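Spelled out, the chains give:
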2 protein chains.
Amino acid sequence: MHGDCQVNSRTGLSRSAYVEAALDVIAQVGVDKLSMRNVASRLNVSPMAMYKHFPTKDDLLAASLEEFILRADVVPPADLPWEQWVERAARGMYEALCRELGWVPLLGSLRVGAQAIAVTDAFVSKLVEEGFSIEQSLRAYFALIQVVVGAVCLRSSIGARASDQAGADDKLPSSVAGRLQTKDNARYISLELESFLRRDQIDIGLPLLIAALKSQLEEART
Amino acid sequence: MHGDCQVNSRTGLSRSAYVEAALDVIAQVGVDKLSMRNVASRLNVSPMAMYKHFPTKDDLLAASLEEFILRADVVPPADLPWEQWVERAARGMYEALCRELGWVPLLGSLRVGAQAIAVTDAFVSKLVEEGFSIEQSLRAYFALIQVVVGAVCLRSSIGARASDQAGADDKLPSSVAGRLQTKDNARYISLELESFLRRDQIDIGLPLLIAALKSQLEEART
DNA sequence: ACCTGAACACCGTTCAAGT
DNA sequence: ACCTGAACACCGTTCAAGT
């Protein structure tokens, strides 16, 4: 991005070439299967050559996540009203992470970089322009990230459940239904829970968050 | 829990003994450093002995997470008003996970078990008793999980950042402040953001969620 | 200076062999 | 039946040796 295209004379590889290769590996086999060795072999270099650019596998991953965020392009156009702007931003993040679920486990352990900051920046600026206080805007941003990350986590665990057990997935609903009295309610709850598990997770938390923000803004204005 | 204490005649070990040992290892070195080999060596058994009880490392982890949830004891007393009940449940989950941050990466990839279902059950029952619809209660539960998981994720990534760079952590605020005009605002924003990063993450998303639930219930009642 | 190959200390898991 | 040891195919990372 900020032009670090210094090509090494012996290998012909820049730092960004490694990131590119890492993203290729991730796209093909997933973040979890990425290794120093398979990134290096894709570039026909010794694994150790990378350690000059990335002292640790985590550094390579952090750099790759940065590029991933940049390419996800989650910042909506500036002219949208804030409710839509926030919704689009959240869905953009959610969809990007769903495309590459392997990132989710790493979100808590990798350093935040310039691209993550740029998104924070855009979000806070937008809400401040719309009349929210800085404190409210930051709170909204963190809450949004929480909902997005949590939604992706849930989605990926539901995915794991679905692919594991084929026909045995009525275990979960029936248990919940059991404790909730009266026979006629029970089947209804089962169906309801099943539908919740199948639903796009971002549709669950995000509307609640936006509703809360709306009423917060109204309070501040009166 | 449901009494599977069949002690093996040769090793003297039950399934739950392995889970116990796994939890010990987790407490001492963290979930990420748990391996079949170190659990087995703690019990003076060959690593392969475990594969009879747990066909896969993930199965051992799933069983350990079950026990972890059971011991976290996140279900509050039934007589609390729902706002407090929900708040206590959320904080219980948040604190348990913060004590053992290593679980967070796994939450999305491990199968949900009986203990996780028991918590869902308790939550939905409580809200239904308080006048929410089943659909609302399930939505609230999923949203709560999202906030808790997201909050723990954020907390653990902030922790990583803080321990990495000692004095260089004004990079992040200054960048955000940069794009947000006027010199006198900038320093204020920096301070504000820093304080947000230091704050307990659950305090950020949870109040918004509870506010949204409150107004939802009021709407339904009028 | 920068890259390499060999090596170290680990993994999860398979499998034939033991009792 | 159930446990074992050796082995396979991987890891991240270190380090002395090459150019």
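Going by the structure above, here's the rest.
Report on the accompanying structure. (Residues numbered from 1 in each chain as written. Chains lettered and ligands numbered in written order. Predicted model: local features only at pLDDT ≥ 70, side-chain atom pairs only at ≥ 80, totals over all residues. Heavy atoms only, no water.)

1. Observations concerning the overall build of chain A
What counts, and what does not: Helix and strand definitions follow DSSP, with helices as H or I runs of at least four residues and strands as E runs of at least two, each counted in order from the N terminus. It only takes one pair of heavy atoms within 4.5 Å for two residues to be counted as in contact. A 1.4 Å probe and the Shrake-Rupley method give the accessible areas. Residues count as covered only by the protein chains that appear here.
Of the regular secondary structure elements, chain A holds 10 helices and zero strands. Along chain A, helices (α) and strands (β) appear in the sequence α-α-α-α-α-α-α-α-α-α when read from the amino end. Counting only contacts in chain A whose residues sit at least 6 apart along the sequence, the fraction spanning at least 24 positions is 65%. Accessible surface, chain A as shown: approximately 10,900 Å² in total, 51% of it carbon and sulfur.

2. As for the protein's contact with DNA strand C
In plain terms, the rule: Being near a molecule or strand, for a residue, comes down to having at least one heavy atom within 4 Å of it. Whenever two N or O atoms come within 3.5 Å, that pair is a polar contact, provided that in protein one can donate a hydrogen and the other can accept it, and provided that, for residues adjacent in sequence, both atoms are side-chain atoms.
In the vicinity of DNA strand C, 18 residues are found, and the nearest of them are A:Asn8, A:Ser46, B:Arg37, B:Met48 and B:Lys57. Among atoms of DNA strand C positioned within 4 Å of the protein, sugar and phosphate together represent 46%. With respect to DNA strand C, the side chain of B:Arg37 contributes an N or O atom lying 2.4 Å from a base nitrogen. Interatomic distance of 2.9 Å between a backbone N/O atom of B:Lys57 and a phosphate oxygen of DNA strand C.

3. Some remarks on the protein's contact with DNA strand D
As a reminder of what qualifies: For this classification, the nonpolar set comprises Ala, Val, Leu, Ile, Met, Phe, Trp, Tyr, Cys and Pro, the charged set comprises Asp, Glu, Lys and Arg, and every other residue, Gly included, is treated as polar.
Taken together, 18 residues are adjacent to DNA strand D, and A:Arg37, A:Met48, A:Lys57, B:Asn8 and B:Ser46 come closest. In DNA strand D, the atoms that sit within 4 Å of the protein are 47% sugar and phosphate, with bases accounting for the remainder. Contacts to DNA strand D include A:Tyr51, whose side-chain N or O atom sits 3.3 Å from a phosphate oxygen. Within the backbone of B:Ser46, an N or O atom sits 2.8 Å from a phosphate oxygen of DNA strand D. The residue makeup of the surface near DNA strand D, split by class, is seven nonpolar, five polar and six charged.

4. Quick notes on the environment of A:Arg15
Residues and elements named next belong to chain A. The condition that has to hold: Burial classes: relative accessible area under 20% of the type maximum marks a residue as buried, over 50% as exposed, and values in between as partly exposed (1.4 Å probe, protein chains only).
Within the secondary structure, Arg15 sits in helix H1 (residues 15-29). Taking relative accessible area as the criterion, Arg15 reaches 31% and is therefore assigned partly exposed. Between the C-alpha atom of Arg15 and that of Leu60, which follows or precedes it by 45 residues, the distance is 9.6 Å.

5. Quick look at the nonpolar core
Under the convention used in this document: In this text, buried Ala, Val, Leu, Ile, Met, Phe, Trp, Tyr and Cys residues form a nonpolar core when linked through side-chain atoms within 4.5 Å.
Counting residues in hydrophobic clusters, the biggest one holds 144 residues, and the most contacted among them are A:Trp103, A:Leu144, A:Val148, B:Trp103, B:Leu144 and B:Val148. Excluding its chain neighbours within four sequence positions, the residues that come into contact with A:Val148 are A:Ala90, A:Met93, A:Tyr94, A:Leu97 and A:Ile202.

6. Observations concerning unusual backbone geometry
All names here are of chain B. The phi dihedral of Asn44 falls on the positive side, at around 55°, and the residue is not glycine. Turning to its location among the elements, Asn44 is positioned in the loop between helix H2 (36-42) and helix H3 (57-72). The phi dihedral of Asp73 is positive, around 55°, even though this residue is not glycine.

7. Let's talk about the side chain of B:Gln136
All names here are of chain B. For Gln136, the location among the structural elements is in helix H7 (residues 134-164). Overall, the relative accessible area of 15% leaves Gln136 in the buried class. Here Ser133 takes part through its backbone nitrogen, which lies 3.0 Å from a polar atom of the side chain of Gln136. The residues contacting Gln136, other than those within four sequence positions of it, are Gln216 and Ala220.

8. Here we look at the pattern of salt bridges
To be explicit about the condition: Salt bridges, as used here, are contacts in which a Lys or Arg side-chain nitrogen is within 4 Å of a carboxyl oxygen on Asp or Glu.
Applying the stated criterion across every chain yields a total of 14 salt bridges over all chains. With a closest N to O distance of 2.7 Å, A:Asp203 and A:Arg91 form a salt bridge. Of this pair, A:Asp203 sits in helix H10 (residues 202-221) while A:Arg91 sits in helix H4 (residues 82-99); the two residues are 112 residues apart in sequence, bridging distant segments of the chain. For A:Arg91, a relative accessible area of 23% corresponds to the partly exposed category. Across the salt bridge formed by B:Arg71 and B:Glu67, the nearest N and O atoms sit 3.1 Å from each other. Of the two residues, B:Arg71 and B:Glu67 both sit in helix H3, four residues apart, roughly one turn of that helix. The class for B:Arg71 is partly exposed, based on a relative accessible area of 46%.

9. So, the packing of aromatic side chains
All names here are of chain A. Keep this limit in mind: Ring pairs shown here join Phe, Tyr and Trp side chains whose ring centres sit within 6.5 Å, with only the six-membered ring taken for Trp; geometry is labelled stacked below 30 degrees between planes, edge-to-face above 60, and tilted in between.
Counted according to the given criterion, the structure contains 12 aromatic pairs over all chains. Where Phe68 meets Trp103, the ring centres are 5.6 Å apart and the plane angle is 40°; that geometry is what we call tilted. Within this pair, whereas Phe68 is found in helix H3 (residues 57-72), its partner Trp103 is found in the loop between H4 and helix H5 (104-107), the two being separated by 35 residues in sequence. Judged by relative accessible area, which is 16%, Phe68 ranks as buried. A centroid spacing of 5.1 Å and a plane angle of 85° characterise the contact between Trp82 and Phe132, whose relative ring orientation is edge-to-face.

10. Here's the deal with the packing of H10(A) against helix H10 (residues 202-221) of chain B
Spelled out, the test is: For every element, the axis is a line fit to its C-alpha atoms; helices are fit only across the contacting stretch, and the angle between N-to-C directions ranges from 0 to 180 degrees. Should an angle fall under 35 degrees it is called roughly parallel, over 145 degrees roughly antiparallel, and 65 to 115 degrees roughly perpendicular, with every other angle called oblique.
Contact pair H10(A) / H10(B): the axes reach a minimum separation of 8 Å and the direction vectors enclose 85°. By the angle between their axes, H10(A) is roughly perpendicular relative to H10(B). Across the interface between the two elements, A:Leu208, A:Leu209, A:Ala212, A:Leu213 and A:Gln216 from H10(A) touch B:Leu208, B:Leu209, B:Ala212, B:Leu213 and B:Gln216 from H10(B). Split into classes, the residues belonging to the contact of H10(A) with H10(B) amount to eight nonpolar, two polar and no charged.

11. Some remarks on H3(A)
All names here are of chain A. Heads up, the rule is: A helix's residues, less one, multiplied by 1.5 Å, set its expected span.
In a regular helix each residue adds 1.5 Å, so 16 residues correspond to 22 Å; H3 covers 22 Å between its end C-alpha atoms and thus fits that length. Its buried side turned inward, H3 meets H1, helix H2 (36-42), H4, H5 and helix H6 (114-129). Asp73 sits one or two positions beyond H3 and adopts a positive phi of about 55°.

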